[in-house]
Amino acid sequence: MEHINVVISGFGPYEDVESNPAYEVPAALAGRGLGERGDERDDALRDVEVSITATRLPISFGSAWPTLLKTIEAVNPDIVIATGLKQASHGIRLERCAINVMDASRPDADNALPTRLPIDAQGPAAYWTRLPLRSILADFTRDGIPASLSSDAGTFVCNSLFYNLLNWSSSQPRVLSGFVNFPMLTDADGTDGAQLGLPMNQQIEAGRDVVREAVRYYLQPSSSDILLE
C-alpha cells in the first residue's frame, strides 16, 4: 500500500473572529481523515494510505513560514496545503499564484508593518500553484460547495506564506503545494450563493476534496488538471 504524507496548515486566532476555519478545518482533517466516498473516482485512493498532519501558524511575516518549514522537515510530506481566512468571501477561494511583495495595511502579530517590500529580493515576481485546481473545482461542483478561483491572495501574511512555500517546493523533486482560503463560519449552507461564509461541515468536506484531488494528482499527474485561467 502506498503511503502519502500531507501537511495542512492554518493560522491562529484572527482579531474579532471567534472560530477560525483556517485552523478548525485542518485540525478536523488531521483528526477525522478523509472519510469514505461511494463513487468510482475513489478507486485510485483505495490502495493508498493518507496521513494528514495539521499545524497552527502565527499571523507573522517573520514566523509563519519558519514554523511551517519546521513541520515540513519533521514530517517530510508529499503534499503541503496552506490555508487562510477570507472574511468577505461567499465560498472557498482557490489561490492560483503568490506574488513577491509584502505590503501590509495593518501590523502582524509581531507588530511588523512591511510596506512595498519584496519577500525575496532575488526571487521571481510570482509563483503558480502546484495543486490541481480544475479537479478540485469539479469536486466542489459535485458536492454543492460554493467556490471560485482567485489570482490575489493579498499582500499580507497569507501571500507571504504562500510565496515562501512555493519557493521552497520549486526546489523539491516531487512535492505538491498550494494555498486555499476558507470563508467565515456560518450556520446556514451556501447553496444560494448570497451569504458570506459556509457552515463547518461544508468547509471540512471542501478540505477533504482538496486533499483527495491533490493525492490523485500526485499519483497520476496531468497538466490539464492545473487550471490557471
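Being a predicted model, the structure only gives us computed values, none of them experimental.

1. Considering the nonpolar core
Item 1. If you look at the biggest cluster of nonpolar residues, it comprises 32 residues, and the most contacted ones within it are Phe 11, Leu 68, Val 80 and Leu 161.
Item 2. Breaking this core down by element, the ones donating at least two residues are strand S1 (2-11), helix H2 (64-75), strand S3 (79-85) and helix H4 (157-169).
Item 3. Counting residues per element, this core draws most heavily on H4, at eight residues.
Item 4. Within the second largest apolar cluster, 31 residues are counted, among which are Ile 4, Leu 94, Ile 136 and Ile 145.

2. Structural notes on H2
Item 1. Here H2 is 12 residues long and its end C-alpha atoms lie 17 Å apart, about the 16 Å a rise of 1.5 Å per residue gives.
Item 2. Taken together, the buried positions of H2 are Ala 64, Trp 65, Leu 68, Thr 71 and Ile 72. End-on view of H2: buried residues confined to an arc of 125°, all on one side of the axis. Set apart from the buried face of H2 by more than 90 degrees, the exposed residues are Lys 70, Glu 73 and Ala 74.

3. A closer look at H4
Item 1. Here H4 is 13 residues long and its end C-alpha atoms lie 18 Å apart, about the 18 Å a rise of 1.5 Å per residue gives.
Item 2. By the criterion of burial, H4 is predominantly enclosed, with 12 of the 13 residues buried.
Item 3. Looking only at H4, the buried set comprises Val 157, Cys 158, Asn 159, Ser 160, Leu 161, Phe 162, Tyr 163, Asn 164, Leu 165, Leu 166, Trp 168 and Ser 169.

4. Quick look at the packing of aromatic side chains
Item 1. Scanning the entire structure with this criterion turns up four aromatic pairs.
Item 2. Between Tyr 127 and Tyr 163, the aromatic rings sit 5.1 Å apart at their centres with planes inclined by 55°, giving tilted as the arrangement. You can see Tyr 127 sitting in strand S6 (residues 126-128) and its partner Tyr 163 sitting in helix H4, a full 36 residues away along the chain.
Item 3. Since its relative accessible area comes to 0%, Tyr 163 is described here as buried.
Item 4. Arranged with centres 5.5 Å apart and planes meeting at 35°, the rings of Phe 162 and Phe 179 form a pair that is tilted. In this pair, Phe 162 sits in helix H4 while Phe 179 sits in strand S8 (residues 176-182), placing the two residues 17 residues apart along the sequence.
Item 5. A cation over an aromatic ring shows up here: Arg 174 above the ring of Tyr 218, its NZ or CZ 3.9 Å from the ring centre.

5. A word on the pattern of salt bridges
Item 1. Here the structure, examined in full by the defined rule, presents seven salt bridges.
Item 2. For Glu 205, the salt bridge identified is with Arg 208, shortest N-O distance 3.7 Å. Of the two residues, Glu 205 and Arg 208 both sit in helix H5 (residues 200-219), three residues apart, roughly one turn of that helix.
Item 3. Overall, Arg 208 belongs to the buried group, its relative accessible area being 14%.
Item 4. We note a salt bridge from Arg 216 to Glu 213, for which the minimum N-O separation is 2.5 Å. With Arg 216 and Glu 213 both in helix H5, this residue pair falls three residues apart, about one helical turn.
Item 5. Classification of Arg 216 by relative accessible area gives buried; the value is 10%.
Item 6. Overall, the relative accessible area of 3% leaves Glu 213 in the buried class.
Item 7. One salt-bridge network, held together by shared partners, links Asp 139, Arg 142, Asp 143, Glu 213 and Arg 216.

6. Section: the packing of helix H1 (residues 21-32) against H5
Item 1. Between H1 and H5, the least distance of the axes is 9 Å, while the angle of their chain directions is 65°. Crossing handedness for the pair H1 and H5: right-handed. In this structure, H1 contributes Pro 21, Glu 24, Val 25, Ala 28, Leu 29 and Arg 32 to the contact, and H5 contributes Met 200, Gln 203, Ile 204, Gly 207, Arg 208 and Val 211.
Item 2. The residue makeup of the contact of H1 with H5, split by class, is seven nonpolar, two polar and three charged.

7. Focus: the sheet that holds S1
Item 1. Strand order across the open sheet formed by six strands is S2-S1-S3-S8-S4-S7, with mixed pairing between neighbours. Either end of the sheet is taken by a strand with one partner, and the two such strands are strand S2 (48-57) and strand S7 (147-150). Shown here is a sheet whose adjacent strand axes are inclined to one another by a mean of 25°, direction ignored.
Item 2. Where strand S4 (residues 92-95) meets S8, three bridges bridge the pair, whose relative direction is antiparallel. Each bridged residue has a counterpart across the sheet, and for Glu 95 the counterpart in S8 is Phe 179.
Item 3. Sitting on the sheet, H4 touches S1, S2, S3, S4 and S8, and the angle it makes with S8 is about 165°.

Calculation notes
Residues numbered from 1 in each chain as written. Predicted model: local features only at pLDDT ≥ 70, side-chain atom pairs only at ≥ 80, totals over all residues. Heavy atoms only, no water. Core = buried A, V, L, I, M, F, W, Y, C linked by side-chain atoms within 4.5 Å. Buried < 20%, exposed > 50% of the residue type's maximum accessible area, 1.4 Å probe, protein only. Helix = DSSP H or I, 4+ residues; strand = E, 2+ residues; numbered from the N terminus. Expected span 1.5 Å × (residues − 1). Arc of directions from axis to C-beta. Phe/Tyr/Trp six-rings, centres within 6.5 Å; stacked < 30°, edge-to-face > 60°. Lys NZ or Arg CZ within 6 Å of the ring centre and 35° of its normal. Salt bridge = Lys/Arg side-chain N within 4 Å of Asp/Glu carboxyl O. Axes fitted to C-alpha atoms, helices over the stretch in contact; angles between N-to-C directions. Left-handed = near helix turned anticlockwise from the far one by under 90°. Contact = heavy atoms within 4.5 Å. Nonpolar A, V, L, I, M, F, W, Y, C, P; charged D, E, K, R; others polar. Pairing = 2+ DSSP bridges.

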